[in-house]
Protein chains: 4
Amino acid sequence: MTAILLIHCPDRQGIVAKVTEFIHGNRGNIVSLEQHVDRNAGRFFMRLKWDLERFMIPREKIGDCFQTLIAAPCGMEFDLHFPEQRLRMAVFVSKMSHCLYDILSRWESGDWQVDIPLIISNHADMQPIAVRFGIPFHHLPVSKENKPAQEARQLELLQAAKVDFIVLARYMQVLTADFLSRYPNRVINIHHSFLPAFAGAKPYHAAYERGVKIIGATCHYVTGELDAGPIIEQDVIRVSHKDSPDTFIRKGKDLEKIVLSRGVFLHIQRKLLTYGNKTVVFG
Amino acid sequence: MTAILLIHCPDRQGIVAKVTEFIHGNRGNIVSLEQHVDRNAGRFFMRLKWDLERFMIPREKIGDCFQTLIAAPCGMEFDLHFPEQRLRMAVFVSKMSHCLYDILSRWESGDWQVDIPLIISNHADMQPIAVRFGIPFHHLPVSKENKPAQEARQLELLQAAKVDFIVLARYMQVLTADFLSRYPNRVINIHHSFLPAFAGAKPYHAAYERGVKIIGATCHYVTGELDAGPIIEQDVIRVSHKDSPDTFIRKGKDLEKIVLSRGVFLHIQRKLLTYGNKTVVFG
Amino acid sequence: MTAILLIHCPDRQGIVAKVTEFIHGNRGNIVSLEQHVDRNAGRFFMRLKWDLERFMIPREKIGDCFQTLIAAPCGMEFDLHFPEQRLRMAVFVSKMSHCLYDILSRWESGDWQVDIPLIISNHADMQPIAVRFGIPFHHLPVSKENKPAQEARQLELLQAAKVDFIVLARYMQVLTADFLSRYPNRVINIHHSFLPAFAGAKPYHAAYERGVKIIGATCHYVTGELDAGPIIEQDVIRVSHKDSPDTFIRKGKDLEKIVLSRGVFLHIQRKLLTYGNKTVVFG
Amino acid sequence: MTAILLIHCPDRQGIVAKVTEFIHGNRGNIVSLEQHVDRNAGRFFMRLKWDLERFMIPREKIGDCFQTLIAAPCGMEFDLHFPEQRLRMAVFVSKMSHCLYDILSRWESGDWQVDIPLIISNHADMQPIAVRFGIPFHHLPVSKENKPAQEARQLELLQAAKVDFIVLARYMQVLTADFLSRYPNRVINIHHSFLPAFAGAKPYHAAYERGVKIIGATCHYVTGELDAGPIIEQDVIRVSHKDSPDTFIRKGKDLEKIVLSRGVFLHIQRKLLTYGNKTVVFG
């Protein structure tokens, strides 16, 4: 068993020594340690993973002890994770299957240590795939009129399933600020452009119109502002004058699924820390 | 000796056969042929290079004959190039040397078959480099007040030097529409972002603020609209939370010089055709 | 309906004119044309796609006519394809699912216009996936002793299913030269390294030992010499000292499936021509 | 003023705490800390940079103190650097200028905080460039017969110039094991292939023969075994059937200079640690 601390606080002397001494002094064996200082923001960030085998503080007391002894005096914010606890992930989809298959095949093969208690969609198209993988599928069509009611229903389902985070696998609906406030930095989206270029609808068509030579995809946490949340991961692929909007879409699908899955895997591994609309991605 | 035709016209049957028959029938040997059809625009594009050794039409008559026999009946626009004629290239710079050295070293080594009759700058910093390479350097400081006068002077120098095209190697001044009208699709710029993201000033700082995971550079023909001309070439490099605006700038310099030089080399090889604010880049 | 010609022959004057005149003169409308000359080999290559709607030669006679009128006099080899005819593709797998899912999801979504009449494996692990997609699965365990018998059985199944080409989706058996002679340039493999580096077994471990900073995957046609057939497509991803053989394997899986699928899609689109242990990949 | 420690030792509990406590307890302010554990090798690696402003141990005593108090008890090997001390770099070249210009322009612009006391070459071609930049150039032609004598002369020059490390900027001679023993992990080479593919002579021609779709360049420390030393950095670029050995060479030049310069810059920043024929590249 291991534990992971994700930390940020104002930068000042001695933080690394203090935190590593806390772990070491209580017989924890540090498995990995990464730290980062943002000199512009004067902010210190750290991810620390240690082995709990001989750690003298019982699991359920670690958070309290760390808060009292280290975090409070340092003005530190932290998250404590036990990575052997499998996260529970909901997947939202619409009509396209490429990201969904990519996610489900990683989960099924055991590459991702995660549970998927439910899939939610505004269309019925993906139901057969969910059935094949034995995952409950909820068809909740969304219109202007029923959106508040359907979001309430979604939230009920997510809470009943004890969902930790949500993956929008090309889900073509905007979530309300109210919904997002329940899962801060826990809703992951894939946008089919190299943000901030081509935010919003039809990015491949816009990229085609502009005559770009490279297209991209962006995985980000969702915030109230459309396509403007903290970026987790991006990647690109070359295009040329020989491409049409249709081949942009086809090439883009490969990017979307890989970039989304990389981002989700970072989240599953608790390697992401968000601060000031940016992510720190620990290696 | 060879000739190159760059062609575009409304798409219709038989154009390839007609043009290749024109070359072949006059004993030209086709060295390379690339064609492209933009189905959305209903437009046909072709680049054709052929050997003039036994070609029966004298060089100076080729344009006329082609216009009369092929271009006019097909509603075709074309450019005729003789690639053994070295193009004459002006370089505009400001204070940074990385793109300038990259260009001059390619020219000096003979990788680029081009003449560089002059370098123009709004600052004196690069003069010693120009001197080392034996290229006339003109220091023309630009202010709001003297801009029209200085552009007039620049145009005089360019015309006197029989310049074919202009490379803005991180030249930090906006050229007027009037200036640009003299060199349509013949002014090449490097913008230090992945356009259309972060057009305008300080793109690395804007990219840093947005928290992107990849930065880019864009080589494009300059038009009256800032950073909005036809894109010739783009490339990108990964960044992370460990980077600062300063390391964005440092990493970006490598991109800028390579992307600019790739774009310029395509122009020198007459591989670029512009249509509707996009480029067709023949391989 | 369209037809595609893939051509190669000794390079000489007038081939493009001759071929395009053949199409045009018989009222075919050329949809796309790409040609390439390998000056070292003195060899001409072309891919030509045209619309059959008003083409005056009936489909079943095109091959004969072209052979007689063009190919024979020019010493030309050619393949004639009718891309609306769906190719029939067999998939060979062993124990890993990532390439298989990638293939099946593209097929199911209709992105690939191809039929998959059977999946063959030396292990039973992938059977449930085949069942889900409704594709017959044949479990043919291979040992040193039974290899000839099992290959004979495989060939029977392939012939009965009228298979056009075979995809080895991380199939961990070497096929015999005899087997391969039945499907020349029609067996596509993915090798999990950047060939020619790390041919053979355990390439990720070998790459780790060597301390490379980039790993790759290579899609190629299978020939009698192990991992030495014509390369269709390659791609790479960065690794670092932080990676272990396990994370090489994990990162490599994403490469493998994308690179294999790109290669297979090129084959499906009839964009691949093989000559002298190399591929010409038409855009 | 800052100091940098590069450390490796057998992995065991408490090393981070011990080292950071050493810095912190002596009033050093840690600027950056990166650690890595190679679980296969059971080996711990760290790079630590700290501010010396209030550090209580005088600069000239730091090494001794650290050796006695920390390194010896932990079985640790370490290098201590003071990055404000400019390294002295020799450049070896033959006939090609692209890497040389790339290096000199970075040095001249101040992007690299390094001194270049001399350039050595087996040909006279690059002398004019050295002269332009005001750097002493030594023309030492090498033949089978005079190699020992010329290497002795090179070593004299290097020692007289107090050179810290050597960059082989496309130097086309193999250095002897004896020579290399004087500069262990301090001779940096660029090889024009994606190692370990195409080691040795004419890699672009070999890559062309093999029909690869991507070419690469590799920056590595030179050891007695040709092209087999610890890899520092690699990068790649796409090629196609349209490329010839000549265009491989042209495209490769851009890779070579950028990859070499990235590797050299890592060395200058003291971000490289070598262990067991591999490099640890600290971010």
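What you see is a predicted model; the values in this text were computed from it and never measured.

Asks: Looking at this structure, I do not really get the packing of helix α1 (residues 15-25) of chain C against helix α2 (residues 59-74) of chain C. What am I missing?
Replies: Packed helices, taken two at a time, are described by the angle their axes make and the gap between the axes. All names here are of chain C. For the pair α1 and α2, the least separation of the axes is 11 Å and the interaxial angle reads 175°. It follows that α1 is roughly antiparallel to α2 by the angle criterion. Contacts from Lys18, Val19 and Phe22 of α1 reach α2 at Cys65, Phe66, Leu69, Ile70 and Cys74. When grouped by side-chain class, the residues that make up the contact of α1 with α2 number seven nonpolar, no polar and one charged.

Asks: Sorry if this is basic, but what is going on with the relation of the copies chain C and chain D here?
Replies: In this structure, two copies of a chain are linked by a rotation about an axis accompanied by a shift along it. When chain C is brought onto chain D, the operation consists of a screw motion whose angular component is 180° and whose axial shift is 0.0 Å, with 0.0 Å RMSD remaining. What the superposition gives is, in effect, a two-fold axis relating one chain to the other. Taking the C-alpha atom as reference, chain C places Ala197 of chain C closest to the rotation axis, 2.3 Å from it. Mapped onto chain D, 100% of the interface residues of chain C are again interface residues, and the two copies thus contact each other with one and the same surface.

Asks: Please explain the interface of chain C and chain D as it appears in this structure.
Replies: Interface size is commonly expressed as the accessible surface area that is lost when the partners come together. The partner chain D presents 35 residues to the 35 residues of chain C that form the contact. Counting each side, the surface lost to burial between chain C and chain D is near 2,900 Å², with a carbon and sulfur contribution of 53%. Looking only at chain C, the three residues that lose the most surface to chain D are Arg210, Lys213 and His241 of chain C, adding up to 24% of its buried area. One can count four salt bridges joining chain C with chain D. A salt bridge links Asp235 of chain C to Arg238 of chain D, with the shortest nitrogen-to-oxygen separation between them at 3.5 Å. Counting every contact that joins chain C to chain D gives 24 residue pairs in polar contact (both at pLDDT 80 or more). Secondary structure elements with two or more residues in the side of chain C that touches chain D: β2 (29-38), α7 (203-210), β11 (231-238), α8 (245-268) and β13 (278-281) of chain C.

Asks: I keep staring at the packing of helix α7 (residues 203-210) of chain D against helix α8 (residues 245-268) of chain D and nothing clicks. Help me out?
Replies: Residues and elements named next belong to chain D. The contact between α7 and α8 brings their axes to 9 Å, and the two run at 125°. As summarised for this structure, α7 and α8 are arranged oblique, according to the angle between their axes. Our pair here, α7 against α8, has a crossing hand that is right-handed. Residues Tyr204, His205, Ala207 and Tyr208 of α7 form the contact with α8, whose own contacting residues are Pro245, Phe248, Ile249, Gly252, Lys253 and Glu256. Its residues assigned to classes, the contact of α7 with α8 shows six nonpolar, two polar and two charged.

Asks: I keep staring at the packing of aromatic side chains and nothing clicks. Help me out?
Replies: How two aromatic rings sit relative to each other is given by the distance of their centres and the angle of their planes. On inspection of all chains with the given rule, the structure shows 52 aromatic pairs over all chains. Relative to Tyr171 of chain B, the ring of Phe92 of chain B lies with its centre 5.1 Å away and its plane at 90°, an arrangement referred to as edge-to-face. With Phe92 of chain B in strand β5 (residues 87-93) and Tyr171 of chain B in the loop between β8 (165-168) and α6 (177-182), this residue pair connects regions lying 79 residues apart in the sequence. What makes Tyr171 of chain B buried here is its relative accessible area of 6%. Look at Phe66 of chain C and Phe78 of chain C: their rings are 5.1 Å apart centre to centre, the planes differ by 75°, and that puts the pair in the edge-to-face class.

Asks: Explain the sheet that holds strand β6 (residues 114-121) of chain A to me, please; I cannot follow it from the model alone.
Replies: Remark on secondary structure: sheet strands pair via backbone hydrogen bonds, oriented parallel or antiparallel. Residue and element names in this part refer to chain A. Ordered by their spatial adjacency, seven strands build an open sheet running β7-β6-β5-β8-β9-β10-β11, and the pairing between neighbours is mixed. Each edge of the open sheet carries a strand with a single partner, namely β7 (137-139) and β11 (231-238). Across the sheet, the axes of successive neighbouring strands diverge by a mean angle of 20°, strand direction being ignored. Bridge analysis of strand β5 (residues 87-93) against strand β8 (residues 165-168) gives four bridges, and the strand direction is parallel. Along β8, the bridge assignment pairs Met89 with Phe165.

Asks: Hey, could you run me through the interface of chain B and chain A in this one?
Replies: If you look at the interface, chain B gives 35 residues, while chain A gives 35 residues. Carbon and sulfur atoms supply 53% of the area buried between chain B and chain A, which totals about 2,900 Å² over both sides. When the buried area of chain B at its contact with chain A is split by residue, Arg210, Lys213 and His241 of chain B rank highest and sum to 24% of it. Inspection of the chain B/chain A interface yields four salt bridges. The tally of links between chain B and chain A comes to 23 residue pairs in polar contact (both at pLDDT 80 or more). Breaking the side of chain B that touches chain A down by element, the ones donating at least two residues are β2 (29-38), α7 (203-210), β11 (231-238), α8 (245-268) and β13 (278-281) of chain B. With seven residues, β11 of chain B is the single largest residue contributor to the side of chain B that touches chain A. When the residues that make up the side of chain B that touches chain A are grouped by side-chain class, the tally is 16 nonpolar, eight polar and eleven charged.

Asks: Could you clarify how one ought to interpret the relation of the copies chain B and chain A in this entry?
Replies: The transform that puts chain B on chain A rotates by 180° and translates by 0.0 Å along the axis, for an RMSD of 0.0 Å. Mapped onto chain A, 100% of the interface residues of chain B are again interface residues, and the two copies thus contact each other with one and the same surface.

Asks: What should I look at first to understand helix α3 (residues 98-108) of chain A in this one?
Replies: Quick reminder: α-helices carry 3.6 residues per turn. Residues three or four places apart thus point the same way. Here α3 of chain A lies mainly inside the structure; nine of its eleven residues are buried. The set of residues buried in α3 of chain A consists of His98, Cys99, Leu100, Tyr101, Asp102, Ile103, Leu104, Ser105 and Arg106 of chain A.

Asks: Looking at this structure, I do not really get the side chain of Arg43 of chain B. What am I missing?
Replies: Residue and element names in this part refer to chain B. Among the secondary structure elements, Arg43 is positioned in strand β3 (residues 43-51). Side chain to side chain, Arg43 and His8 meet in a polar contact 3.2 Å long. With residues up to four places along the chain from it excluded, the contact list for Arg43 reads His8, Cys9, Pro10, Asp11, His36, Val37, Asp38, Glu77 and Tyr275.

Asks: Is there a simple way to explain the confidence of the model for chain A in this structure?
Replies: For residues with low pLDDT, the predicted coordinates do not support detailed interpretation. With 100% of its residues at a pLDDT of 70 or more, chain A shows a mean pLDDT of 96. Taken together, the chains of this predicted complex give a pTM of 0.97 and an interface ipTM of 0.95.

Asks: What's the story with the sheet that holds strand β9 (residues 187-191) of chain C in this structure? I'm lost.
Replies: All names here are of chain C. The seven strands lie next to each other as β7-β6-β5-β8-β9-β10-β11, forming an open sheet whose pairing is mixed. With partners counted over all chains shown, the strands left at the sheet margins are β7 (137-139) and β11, one partner each. When the angles between neighbouring strand axes are averaged without regard to direction, this sheet yields 20°. With three bridges connecting them, strand β8 (residues 165-168) and β9 associate as parallel partners. Along β9, the bridge assignment pairs Leu168 with Asn189.

Asks: Looking at this model, I keep getting lost on the pattern of salt bridges. Mind explaining?
Replies: Side chains carrying opposite charge are able to pair once their charged atoms draw close together. Inspection of every chain in the model, using the stated rule, returns 65 salt bridges over all chains. A salt bridge links Lys257 of chain A to Asp102 of chain C, with the nearest nitrogen and oxygen atoms 2.4 Å apart. A residue pair is termed interchain when its members come from two chains, as with Lys257 of chain A in helix α8 (residues 245-268) and Asp102 of chain C in helix α3 (residues 98-108). Residue Lys257 of chain A is classed as buried on the basis of its relative accessible area, which comes to 4%. The salt bridge involving Glu233 of chain C is made with Arg262 of chain C; its shortest N-O contact spans 2.6 Å. Of the two residues, Glu233 of chain C sits in strand β11 while Arg262 of chain C sits in helix α8, which places them 29 residues apart along the sequence.

Asks: What is the right way to read the domain arrangement of chain A from this model?
Replies: Residues and elements named next belong to chain A. Domain annotation of chain A identifies domain 1 (2-81) and domain 2 (87-281). Taking the mean C-alpha position of each, domain 1 and domain 2 sit 31 Å from one another. Counting residues at the interface gives eleven residues for domain 1, matched by eight residues for domain 2. Note on domain 1 versus domain 2: buried area summed over both sides is about 780 Å², and carbon and sulfur give 71% of it.

Asks: Would you explain helix α2 (residues 59-74) of chain A in this entry?
Replies: Residues and elements named next belong to chain A. The first and last C-alpha atoms of α2 sit 22 Å apart over 16 residues, in line with the 22 Å expected at 1.5 Å per residue. Along α2, the largest kink reaches about 50° and is centred on Gln67. For α2, the complete set of buried residues consists of Ile62, Phe66, Ile70, Ala71 and Cys74. Among the structural elements, β1 (2-10), α1 (15-25), β3 (43-51) and β4 (77-81) are those in contact with the buried residues of α2. Immediately downstream of α2, the backbone of Gly75 shows phi near 65°, a positive value.

Conventions and cut-offs
One numbering rule holds for all chains: residues counted from 1, following each sequence as written. Written order decides the labels, with chains lettered from A and ligands numbered from 1. Under the rules for a predicted model, residues below a pLDDT of 70 receive no local features and side-chain atom pairs below 80 are neither given nor counted, while totals for whole chains, interfaces and linings still include all residues. Hydrogens and water are ignored here; the side-chain numbers use all heavy atoms of the structure. Lines fitted to the C-alpha atoms define the axes, with helices restricted to the stretch that makes contact. Angles between their N-to-C directions range from 0 to 180 degrees. Each helix corresponds to a stretch of at least 4 residues labelled H or I by DSSP, and each strand to a stretch of at least 2 residues labelled E; elements are numbered beginning at the N terminus. An angle counts as roughly parallel when it lies under 35 degrees, as roughly antiparallel when it exceeds 145, as roughly perpendicular when it falls between 65 and 115, and as oblique in every other case. By definition, residues are in contact when any of their heavy atoms lie within 4.5 Å. Only Asp, Glu, Lys and Arg are considered charged in this grouping, and only Ala, Val, Leu, Ile, Met, Phe, Trp, Tyr, Cys and Pro are considered nonpolar; every other residue, Gly among them, is considered polar. Copies are brought into register by a least-squares superposition over C-alpha atoms of residues with pLDDT of at least 70 in both. Throughout, the accessible surface (probe 1.4 Å) given up by two parts as they are put together, summed over both, is called the buried area. The term salt bridge refers to a pairing of a side-chain nitrogen on Lys or Arg with a carboxyl oxygen on Asp or Glu at a separation within 4 Å. What qualifies as a polar contact is a pair of N or O atoms within 3.5 Å, subject to a donor-acceptor requirement within protein and to the restriction that residues adjacent in sequence count only when both atoms come from side chains. Here a crossing is taken to be left-handed if its near helix is turned anticlockwise relative to the far helix by less than a right angle, and right-handed if that turn runs clockwise. Note on ring pairs: Phe, Tyr and Trp rings are taken, using the six-membered ring of Trp, and paired if centres are within 6.5 Å. Classes follow the plane angle, with under 30 degrees stacked, over 60 edge-to-face and the rest tilted. Residue burial is assigned from relative accessible area. The probe radius is 1.4 Å, only protein chains are included, and a residue is buried under 20% of its type maximum, exposed over 50%, and partly exposed in between. Any two strands between which DSSP finds at least two bridges are classified as paired. As a per-residue measure, pLDDT tells how confident the predictor is, with possible values from 0 to 100. Where a domain begins and ends is set by an automatic assignment or by a domain database. A helix is expected to reach a length of 1.5 Å times the quantity of its residues less one. At any given residue, the bend is defined as the angle formed between two axes, one fitted to the seven residues that end at that position and one fitted to the seven that begin there.

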